[in-house]
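# Survey of secondary and tertiary structure
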Amino acid sequence: MVTGSATPGPPPPPAGPATQKVSDVISSFRPTRKFKSASSGTSITSLDFDDTGELAIVARDDDTLQIYNCKEGKHAKELKSQKYGVHLARFSHHAQSIIYASTKVDDTLRFLSTHDNSYIRYFKGHTDTVTSIALCPSSDTFVSCSADNTVRLWNLQSPNHVGRLNLHRPFLATYDPSATVIAIASAETQTILLYDVRNYDKPPFASFDMQELEQRFLGGRKGQWTKIEFTNDGKSLVVATNDTGHFVIDAFSGDVTHFCYRKGGPSGRLTPGTSIPSHNSHKANGSTPAAGQGDVCLTPDGQYLIGGSGEDGLLVWDISKPPTPNNVLEPIEKLPGNGRAAVVGYNPRTNLLASADRDLFLWQPDPDLMI
């Protein structure tokens, strides 16, 4: 059942811009497709693209998954998870299969075939809300974080975790592009830990204390981290916040290179592990904020950070610029759009952006605006 429909509009731009350098098109992105949610109270909570860039999947807090064909700019399929809920849906490296976290009943991770909507495997072990799922770039392993104070490593071929770390409030994790390092972030302890994937049972080989940076740029406020992500060269690590900006730090030293400032404020979403509604509860009147996965993303070339402004449209920061004396980086562009962007993603294969709050927007370069 198709629950969203694209607003009328011109056909997608030709494939040509997809192969152009990001820097040539970054200022020309405009929304070209809008997919409305079936209910005005429904929010999109996560977004992911498959490896080919052809498909996008979003999780919604009406307990459904929506799949879109990016190439055709069309809604492709709806999958329901009414009993268990759905959040943090991630494509595996295998065609037509995804992993996602539960929001009701239990905290099991589910491996689902989108072809026939059947479960391939269950990953049981977490005893509290799962706050992050990150797939290894080069293998069938993935890592999950939970409010049960554990980080677990899994392999898609086995229902049992292959590794476990007991850490305090480790709500975010990501792999570096070489798949040799896992970064784990605990906003509550203001710490980022780096582990060698081959020796994850050993102590971290690096630990970055973010307290001084939060004091300097956020006035000491903490506990508002929403996402961490390595740049494509593995040299920088983005620590996104639900505050006035996002940190870009040197992945080797932990020193800040940029604080990507935004004046519009937060996305309005719950941060991972913060005030999570109890299982089996559902916002009845829309007063409880929806969950999120962070409202920023990196471009595939690692040059730009793109994120929500707290208002309409998107902001673009050029993080390839040399650091300024105060390390504050202002946006180089504000891309006009309709509605707040609480979830943002950049297609890994083509120049296409997706942003969402209640509705999903697909963005492409406007040929008339390109350099």
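Parameters at a glance
Residues numbered from 1 in each chain as written. Predicted model: local features only at pLDDT ≥ 70, side-chain atom pairs only at ≥ 80, totals over all residues. Heavy atoms only, no water. UniProt positions renumbered as here; feature names shortened; annotations may be inferred. Helix = DSSP H or I, 4+ residues; strand = E, 2+ residues; numbered from the N terminus. Rg over C-alpha atoms; globule rule 2.2 N^0.38 Å. Buried < 20%, exposed > 50% of the residue type's maximum accessible area, 1.4 Å probe, protein only. Contact = heavy atoms within 4.5 Å. Areas by Shrake-Rupley, 256 points an atom, 1.4 Å probe, with all protein chains shown as cover. Polar contact = N/O pair within 3.5 Å; in protein donor to acceptor, adjacent residues only side chain to side chain. Phe/Tyr/Trp six-rings, centres within 6.5 Å; stacked < 30°, edge-to-face > 60°. Lys NZ or Arg CZ within 6 Å of the ring centre and 35° of its normal. Core = buried A, V, L, I, M, F, W, Y, C linked by side-chain atoms within 4.5 Å. Pairing = 2+ DSSP bridges. Axes fitted to C-alpha atoms, helices over the stretch in contact; angles between N-to-C directions.

- Word for word, the UniProt comment on the protein chain under Subcellular location (unreviewed entry) is "Nucleus".
- Quoted verbatim from the Sequence similarities (unreviewed entry) field of UniProt, the annotation for the protein chain is "Belongs to the WD repeat SWD2 family."

### Re the overall build of the protein chain
- In terms of helices and strands, the protein chain carries two helices and 29 strands.
- The C-alpha radius of gyration of the protein chain comes to 19 Å, within 12% of the 21 Å expected for a compact globule of 371 residues.
- By principal-axis analysis of the C-alpha atoms, the protein chain measures approximately 55 × 55 × 40 Å.
- Within the protein chain, the proportion of its 371 residues that are buried is 56%.
- Residue pairs in contact within the protein chain that sit at least 24 positions apart in sequence constitute 50% of those at least 6 positions apart.
- In the structure as shown, the protein chain presents an accessible area of about 15,300 Å², 50% of it carried by carbon and sulfur atoms.

### Concerning the environment of aspartate 148
- When you line up the elements, aspartate 148 lands in the loop between β11 (141-146) and β12 (150-155).
- On the accessibility criterion, aspartate 148 (15% relative accessible area) is buried.
- When sequence neighbours within four positions are dropped, the list of residues in contact with aspartate 148 reads Gly125, His126, Thr127 and Asp128.
- Here threonine 127 takes part through its backbone nitrogen, which lies 2.9 Å from a polar atom of the side chain of aspartate 148.

### Let's talk about the packing of aromatic side chains
- Within this structure, the stated rule accounts for ten aromatic pairs.
- When the ring of phenylalanine 123 is compared with that of tryptophan 154, the centres are 5.6 Å apart and the planes differ by 65°; the resulting orientation is edge-to-face. Within this pair, whereas phenylalanine 123 is found in strand β9 (residues 118-123), its partner tryptophan 154 is found in strand β12, the two being separated by 31 residues in sequence. Each of the two residues, phenylalanine 123 as well as tryptophan 154, counts as buried.
- Taken together, a centroid distance of 5.9 Å and an interplanar angle of 75° make the contact between phenylalanine 217 and phenylalanine 247 edge-to-face. Taken together, the residues span a long stretch of sequence, with phenylalanine 217 in helix α2 (residues 211-218) and phenylalanine 247 in strand β20 (residues 245-250) at a distance of 30 residues.
- A residue is classified by how much of its surface remains accessible, and phenylalanine 217, at 13% relative accessible area, is buried.
- Here the basic side chain of arginine 110 rests over the ring of tyrosine 84, its NZ or CZ set 3.5 Å away from the ring centre.
- Positioned above the aromatic ring of tyrosine 119, the side-chain terminus of arginine 110 is 6.0 Å from the ring centre.

### Thoughts on the nonpolar core
- Within the largest apolar cluster, 23 residues are counted, with the highest numbers of intra-cluster contacts made by Ile192, Leu194, Met210, Trp225, Val239, Phe247 and Ile249.
- Elements supplying a minimum of two residues to this core: β15 (181-186), β16 (191-196), β17 (206-209), α2, β18 (225-230), β19 (236-241), β20 and β21 (256-261).
- Each residue touching isoleucine 192, except ones within four places of it in the same chain, is listed here: Ala183, Ile184, Ala185, Ala206, Ser207, Phe208, Met210, Trp225, Leu237, Val239 and Ile249.
- Grouped together as the second largest cluster of nonpolar side chains are 17 residues, Val22, Val316, Tyr346 and Phe361 included.

### Regarding the sheet that holds strand β1 (residues 29-35)
- Read across the sheet, four strands follow the order β1-β29-β28-β27 without closing on themselves; strand pairing throughout is antiparallel. Two strands in the sheet have a free side with no partner beyond their single neighbour: β1 and β27 (343-346). Ignoring which end each strand starts from, the neighbouring axes of this sheet average 25° apart.

### Some details on the sheet that holds strand β23 (residues 304-308)
- Read across the open sheet, the four strands follow the order β22-β23-β24-β26; overall the sheet is antiparallel. For this open sheet the edge positions go to β22 (296-298) and β26 (333-340), each flanked by a neighbour on one side alone. Here the strands of the sheet are splayed against their neighbours by 25° on average, with no regard to which way each runs.
- Looking at chain direction, β23 and strand β24 (residues 312-318) are connected through five bridges and run antiparallel. Along β24, the bridge assignment pairs tyrosine 304 with aspartate 318.

### Some points on the side chain of threonine 226
- For threonine 226, the location among the structural elements is in strand β18.
- A residue is classified by how much of its surface remains accessible, and threonine 226, at 7% relative accessible area, is buried.
- Residue contacts for threonine 226: discarding those within four places in its chain leaves Leu172, Ala240, Thr241, Asn242, Thr271, Pro272, Gln293 and Gly294.

### Side note on the pairing of strand β4 (residues 64-69)
- Among the six residues of β4, six are classified as buried, and the element is accordingly described as predominantly covered.
- Side chains Thr64, Gln66 and Tyr68 of β4 all project onto a buried face; the interleaved residues Leu65, Ile67 and Asn69 project onto the opposite face, where all are buried too.
- Pairing between strand β3 (residues 55-60) and β4: six bridges, direction antiparallel. By the bridge assignment for β4, isoleucine 57 is matched with isoleucine 67.

### Examining unusual backbone geometry
- Although it is not a glycine, aspartate 63 sits at a positive phi angle of roughly 70°.
- The topology assignment puts aspartate 63 in the loop between β3 and β4.

### Quick notes on the pairing of β18
- By the criterion of burial, β18 is predominantly enclosed, with five of the six residues buried.
- Taken together, the five bridges between β18 and β19 define a ladder with antiparallel strand orientation. Within β19, the position partnered with glutamate 229 by the bridge is valine 238.
- Linking β18 back to β19 in an antiparallel pair, the connection comprises five residues, with glycine 234 at a positive phi of about 75°.

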